[in-house]
Amino acid sequence: MIDHVRDLASVREATDRLLTAVAKLDNGAVAEASRLPGWTRGHLLSHIARNADALGNVLRGLPMYVSGEARDADIDNGAGQPLEAQLADLRASADRLMETADAVDDWTRTVTLRNGVTDVAARVPFRRLTELALHHVDLGIGYELTDLPDDLLGREIDYLAQRFSGHADLPSVTVTATDGRQWHTGRADGPAVTVTGTAPALLGWLAGRGERGAGLETDGAPLPALPPL
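Residues numbered from 1 in each chain as written. Predicted model: local features only at pLDDT ≥ 70, side-chain atom pairs only at ≥ 80, totals over all residues. Heavy atoms only, no water.

Peer 1: Run through the side chain of Ser93, naming residues and quoting values.
Peer 2: By secondary structure assignment, the location of Ser93 is in helix α5 (residues 83-102). Contacts of Ser93, omitting those with residues within four sequence positions, involve Ala49, Arg50, Ala52 and Asp53. (Helix = DSSP H or I, 4+ residues; strand = E, 2+ residues; numbered from the N terminus. Contact = heavy atoms within 4.5 Å.)

Dropping the structure here:
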């Protein structure tokens, strides 16, 4: 069950955690490469801020972004800002999103995200939470997938398994965590490949983070190649 109230509280906590960590950086560190190819930490911080504004647009019934080109330009324009400006932007955009969320009177309605993807409004806070958590890891400043709350790990694995479910380019896959949790994804037919590992390792694979397949077992079968997210 989606609990947008709980997720909004988690978003506040994740925002505070990110701001506290980023405040310990300096301008030189912000200009260094992040873990996302081609992006500095400044690009990533700019993206996190713009994502808050974009999800606010979604909750107000507006297009998430004016266009893909405008989205990329906004990220590039903010990437070179000094640390203090980045922090101010992160705080202000996070506050704007929370103010927008506070004004939502129907969390059951359907909203439209990027590329025409639709979802229920109540899931928007969870989408923001995963953005904050995964991109905090992407900054490469000491916060890792193993630091994510176990509940969030399970929910994000479930979300990605559903996203890949039925994809023609992915064989049937049984995703099994070492704690016993299990998910199914890929095609519904054909022999299933079982991928086993800790929840952080499984999320890293599904979300395209870390070394491909690190810490995972497939009983000797090749690790399935995932479609682009």
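Don't stop here, the text continues.
Peer 1: Help me get a handle on the pattern of salt bridges, residues and values and all.
Peer 2: According to the stated counting rule, one finds 16 salt bridges in the structure shown. Between Arg6 and Asp151 there is a salt bridge, and its shortest N-O distance comes to 3.9 Å. Pair noted here: Arg6 is in helix α1 (residues 4-22) and Asp151 is in helix α7 (residues 150-164), with a separation of 145 residues, a long-range link. Here Asp151 falls in the partly exposed class, since its relative accessible area comes to 44%. The partner of Asp7 in a salt bridge is Arg155, with the nearest N and O atoms 2.8 Å apart. Taken together, the residues span a long stretch of sequence, with Asp7 in helix α1 and Arg155 in helix α7 at a distance of 148 residues. (Salt bridge = Lys/Arg side-chain N within 4 Å of Asp/Glu carboxyl O. Buried < 20%, exposed > 50% of the residue type's maximum accessible area, 1.4 Å probe, protein only.)

Peer 1: Please set out the packing of aromatic side chains residue by residue, giving values where relevant.
Peer 2: Given two aromatic rings, one states the distance between the centres and the angle between the planes to describe the pair. Considering all chains together, one arrives at 1 aromatic pair under this definition. Over the face of the ring belonging to Tyr65 we find Arg71, whose NZ or CZ atom lies 5.7 Å from the ring centre. (Phe/Tyr/Trp six-rings, centres within 6.5 Å; stacked < 30°, edge-to-face > 60°. Lys NZ or Arg CZ within 6 Å of the ring centre and 35° of its normal.)

Peer 1: So what's going on with the sheet that holds strand β3 (residues 173-177)? Which residues, and what values?
Peer 2: Pairing in this open sheet of 3 strands is mixed, and the strands run β4-β3-β5 from one edge to the other. Either end of the sheet is taken by a strand with one partner, and the two such strands are β4 (182-185) and β5 (193-197). Strand-to-strand twist across the sheet, computed as the mean angle between neighbouring axes with direction ignored, equals 20°. Pairing analysis gives 4 bridges linking β3 to β4, with the strands arranged antiparallel. Paired with Val175 across the bridge in β4 is Trp183. Of the strands in this sheet, β3 and β4 touch α7, which is tilted by about 20° from β4. (Pairing = 2+ DSSP bridges. Axes fitted to C-alpha atoms, helices over the stretch in contact; angles between N-to-C directions.)

Peer 1: Help me get a handle on the packing of α1 against α5, residues and values and all.
Peer 2: Where α1 contacts α5, the axes come no closer than 11 Å and their chain directions differ by 175°. One element, α1, and the other, α5, form an angle in the roughly antiparallel class. Across from Leu8, Val11, Arg12, Thr15, Leu19 and Val22 in α1, the residues of α5 making contact are Leu83, Leu87, Leu90, Arg91, Ala94, Met98, Ala101 and Asp102. Its residues assigned to classes, the contact of α1 with α5 shows 10 nonpolar, 1 polar and 3 charged. (Parallel < 35°, antiparallel > 145°, perpendicular 65-115°, else oblique. Nonpolar A, V, L, I, M, F, W, Y, C, P; charged D, E, K, R; others polar.)

Peer 1: Break down the environment of His135 for me, citing the residues and quoting the values.
Peer 2: Here His135 shows up in helix α6 (residues 124-138). By relative accessible area, which is 7% here, His135 ends up buried. As a C-alpha pair, His135 and Ile48 span 87 residues in sequence and 7.6 Å in three-dimensional space.

Peer 1: Give a detailed account of the environment of Glu144, specifying residues and quantitative values.
Peer 2: Checked against the element boundaries, Glu144 lands in the loop between α6 and α7. On the basis of relative accessible area, Glu144 is assigned to the partly exposed category, the value being 28%. Residues Glu144 and Asp189, spaced 45 residues apart in sequence, show a C-alpha to C-alpha distance of 35 Å. Glu144 has contacts with Arg35 and Val137, leaving out every residue within four places of it along the chain.

Peer 1: Describe the nonpolar core, with residues and values.
Peer 2: Residues Leu148 and Leu203 are the most contacted members of the largest nonpolar core, which totals 66 residues. Considering every element that reaches this core, the biggest residue donor is helix α3 (residues 41-59), with 9 residues. The residues contacting Leu203, other than those within four sequence positions of it, are Leu134, Leu145, Leu148, Leu153, Glu156, Ile157 and Leu160. (Core = buried A, V, L, I, M, F, W, Y, C linked by side-chain atoms within 4.5 Å.)

Peer 1: Break down α7 for me, with residues and values.
Peer 2: Over its 15 residues, α7 runs 21 Å from end to end, which matches the ideal 21 Å to within 8%, given 1.5 Å per residue. Residues of α7 that are buried make contact with α6, β3, β4 and α8 (199-206). The positive-phi residue at the C-terminal boundary of α7 is Gly166, with phi of around 80°. (Expected span 1.5 Å × (residues − 1).)

Peer 1: Kindly report on the packing of α3 against α6, identifying the contributing residues and their values.
Peer 2: The packing of two helices is summarised by the inter-axis angle and the distance between the axes. Direction vectors running N to C along α3 and α6 enclose 175°, while the axes themselves pass 11 Å from each other. By the angle class used here, α3 and α6 are roughly antiparallel. The segment α3 lies against α6, with Leu44, His47, Ile48, Asn51, Ala52, Leu55, Val58 and Leu59 engaging Val124, Arg128, Glu131, Leu132, His135 and Asp138. Considering only residue class, the contact of α3 with α6 consists of 8 nonpolar, 3 polar and 3 charged.

The values are spatial; any link to function lies outside them.
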